[in-house]
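# Structural description and commentary
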Amino acid sequence: MGVAVDITDRKLVEFALREKEVRLEEAADVAGLGFYEVRSSGFEYQDERIRAIVGLSEQCTTTAHEFWLQRLHPEDRERILELSRQIFAGEYNSVAAEYRFLHPQRGVVWLRHLARVIERDAQTKSFRILGVMQEITESKLVEEALRESVERFRQVAEIAGEFIWEVDANGRYTYASPSVEKILGYTADELVGKKHFYDLFEPSLREHQKAAVFRLFAERQTFRDSPHATLTKSGKLVFLETSGSPMLDAAGNLIGYRGADTDITKRKQHETEVHRSRAEIAHLSRVAMLGELSGSLAHELNQPLTAILSNAQAAQRFLAEESPDLTEVREILKDIVAEDQRAGEVIRRLRLLLKKGEYQQAPLDVNEVVQDVLKLIRNELLNLNIALHTDFADHLPLIMGDRVQLQQVLLNLIMNAGDAMANVPFAERRLTVQTALVDRHVRVSVADRGMGIPPDVLEQMFVPFFTTKATGLGLGLPVSRTIISTHGGHLTARNNPDRGAIVEFLLPVHPKDKA
Amino acid sequence: MTPTPPIVYVVDDDASVLKSLSRLLRSARLNPVAFASPKEFLDQHDPRQPGCLVLDVAMPGFDGLQLQQALITKGSEIPIIFLTGHGDIPMSVRAMKRGAVDFLTKPVNADDLLAAIRLAIETDRASRQARAQVDEIRRRLASLTMREREVLEHVIAGRLNKQIADALGVVVKTIKVHRGRVMEKMGVTSVAELVHLCEVAGVKPSTP
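Residues numbered from 1 in each chain as written. Chains lettered and ligands numbered in written order. Predicted model: local features only at pLDDT ≥ 70, side-chain atom pairs only at ≥ 80, totals over all residues. Heavy atoms only, no water.

### Brief notes about the sheet that holds strand β16 (residues 490-495) of chain A
Residue and element names in this part refer to chain A. An order of β12-β14-β15-β17-β16 is seen for the five strands of this open sheet, with the pairing classed as mixed. With one partner strand each, in any of the chains shown, β12 (387-391) and β16 form the two edges of the open sheet. The sheet shows a mean angle of 15° between the axes of neighbouring strands, direction not considered. As paired strands, strand β15 (residues 441-447) and strand β17 (residues 501-508) are joined by seven bridges and run antiparallel to one another. When the bridges of β17 are listed, A447 appears paired with I502. (Pairing = 2+ DSSP bridges. Helix = DSSP H or I, 4+ residues; strand = E, 2+ residues; numbered from the N terminus. Axes fitted to C-alpha atoms, helices over the stretch in contact; angles between N-to-C directions.)

### Some remarks on empty space enclosed by the protein
Residues and elements named next belong to chain A. Here the structure, examined in full by the defined rule, presents three cavities of 30 Å³ or more. The computed volume of the largest cavity comes to approximately 340 Å³. Along its surface, the largest cavity is lined by 23 residues, and Y36, H65, W68, H113 and M133 are the ones closest to its centre. When contributions to the lining of the largest cavity are tallied by element, the ones reaching two or more residues are β1 (33-39), β2 (44-46), α2 (48-54), α3 (64-70), α4 (74-88), β3 (94-103), β4 (107-120) and β5 (127-135). When residues in the lining of the largest cavity are grouped by element, the largest group, five residues, is from α4. Roughly 190 Å³ of volume is contained in the second largest cavity. As for the second largest cavity, its lining consists of 19 residues, and the residues nearest its centre are F197, F201, H228, T242 and D261. (1 Å grid on protein atoms, 1.4 Å probe; cavity = no way out; pocket = protein on both sides within 12 Å on 5 of 7 lines; lining within 4 Å. Points joined across faces, edges and corners; volume = space filled by probe spheres on them.)

### Some details on the pattern of salt bridges
Inspection of every chain in the model, using the stated rule, returns 48 salt bridges over all chains. Between R79 of chain A and D76 of chain A there is a salt bridge, and its shortest N-O distance comes to 3.5 Å. Of the two residues, R79 of chain A and D76 of chain A both sit in helix α4, three residues apart, roughly one turn of that helix. For R79 of chain A, a relative accessible area of 41% puts it in the partly exposed group. For D76 of chain A, a relative accessible area of 5% puts it in the buried group. A salt bridge links E143 of chain A to K140 of chain A, with the nearest nitrogen and oxygen atoms 3.7 Å apart. With E143 of chain A and K140 of chain A both in helix α5 (residues 137-159) and three residues apart, the pair spans about one turn of that helix. Each of E328 and D335 of chain A together with K19, R23 and R26 of chain B takes part in a single network of salt bridges with overlapping partners. (Salt bridge = Lys/Arg side-chain N within 4 Å of Asp/Glu carboxyl O. Buried < 20%, exposed > 50% of the residue type's maximum accessible area, 1.4 Å probe, protein only.)

### Side note on the interface of chain A and chain B
Facing the 25 residues of chain A at the interface are 26 residues of chain B. Summed over both sides, the interface of chain A with chain B buries roughly 2,200 Å², with 47% coming from carbon and sulfur. Seen at the junction of chain A and chain B, the total is 13 residue pairs in polar contact (both at pLDDT 80 or more). In terms of residue class, the side of chain A that touches chain B is made up of seven nonpolar, ten polar and eight charged. (Contact = heavy atoms within 4.5 Å. Buried area = accessible area lost by both parts, 1.4 Å probe. Polar contact = N/O pair within 3.5 Å; in protein donor to acceptor, adjacent residues only side chain to side chain. Nonpolar A, V, L, I, M, F, W, Y, C, P; charged D, E, K, R; others polar.)

So yeah, pure geometry; function would need other evidence.
Right, here's the structure in full:
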């Protein structure tokens, strides 16, 4: 029984062992692992998988070790031979390495190689070393590509004046790419774990900008090119454009944000300069235009001044009488006040036009803007013997725009129309200003009864410094067109089929105005 | 013929200015009548009415200078005081050449304007008086017969009755009768008076 039992037991053990061996074999197959053993005695064993990994054919009589030695990649050879020497010499008990190998059929492949000393006798210096080898070309290539792409990304980011960052849900830096130092003056180490992104915001804007960012955080929103003002380590103001996307854990909780900041300070300065010089030119041409109009404008002021003086002197005379008519004097004083306001209004309109203002958008009634301009230019038209006709559309929806700049455009168009009729008999000089609603745009057109615009002029009239006038600057129309474009509109000129020219512009209706 | 008080016409397209000027004139006890456009004034203007015109130069459609021309064409000799916003010299020269009384710049001082108006009214009165006198003389001249007119032209040439009789081929006695009628019809008692009237009326002495 016992024997039988023993036999049974041994069989069972043998069976279990074989079972284990089979499983190991299967696992090694699946993982592509090859085994070998090397002994100090010169014994060498390698399984079939090793031969396949290094590409050693069955016919070849060379030992796997020799074959392997021959085909190490030249650039990795020294390193691997040194490791090999070290383990044989007993300096290490195990080594691991990844290296390139010249596969006879497949060219350069990557191998991962582990070797461990299983037995070593210090006296006899005998040893047994077990090795495992695996081909990892594919994952190596992926890894390589990944590293290259990360590197490329980093380089591009640095060239573009960007840095890459990660922050936790509280906004504390958990990563910053080295290029941050060039932009913000802080090294990555000075930021990571120590600063929140908002600590760097420009102090007067900090709370506002911080609140805006955390609103995005709360909604887990991805944001692109969101601008903000930041101070560098040395306190210099820089403008950054930030893009970022949320990082969520498996449960969908916000871990933090990851993104990139671009330094747009230079671009911003350039934009500001362009904007400023554009405003400068608009202002210059406005001043030049008002200079031409000075006579008429003086008249606009003169009228109320005349009324005020005559009223005041009449009042003095009435009061000098024995029983002055106080009702009359009261009326006079009321009129003086009204006339003074009228003069003030002229000055206000003038000052507005002469002001070196920033572009200021506000909802505007185009009819009102046109009427304001006509009040200023009425006398000029009178002097030029031009009859003014107006045709205003009722209930025009509002547009968004800068009142002064639009007035400037209108003044320019009306004065041009006036000039165009200089050689036309008085009775035929007619100027028509019309407003209309066309496809959710407000159209303003100025039509004259002049000689029309010659084709060559029509082509060039929007080119800066092109002028047909003896004293013209050649800026009126180009500046006008720029102004209208800034308003999202379009300015065009054409000849009337029967006579004269029409210059008109379209301005988009204010989106909130549903009229 | 009862003399009507002079009227100061004011024409300005700016309602406030028009109102204030009219007030000023009333305060000076003048008699203003306001018009908002030259056309309105021209349509209702009666050249027989004494007075003067205060006229804004710059007005739409029909300006002050055009009105001046139209008045001249219509035979009105009403004195005009021009008001201008900005001292436009060529324009004022043209206006003055056509007989404007004055050319004042806005805003106009009351004393200057009132002085100009008084002068204009005086000018108008004097010229009306002169015109009335000439009209009267012409009316008297028209009452003369052909022969009496011939005699008158000889008398004012300083000729004696005898010389006139010889020139006309009649007897001296006939000339004496004609001469008496002429003096009577012309309402004069001396040859000197007659010569003066004829000078005013532009009657030329007959040449021998």
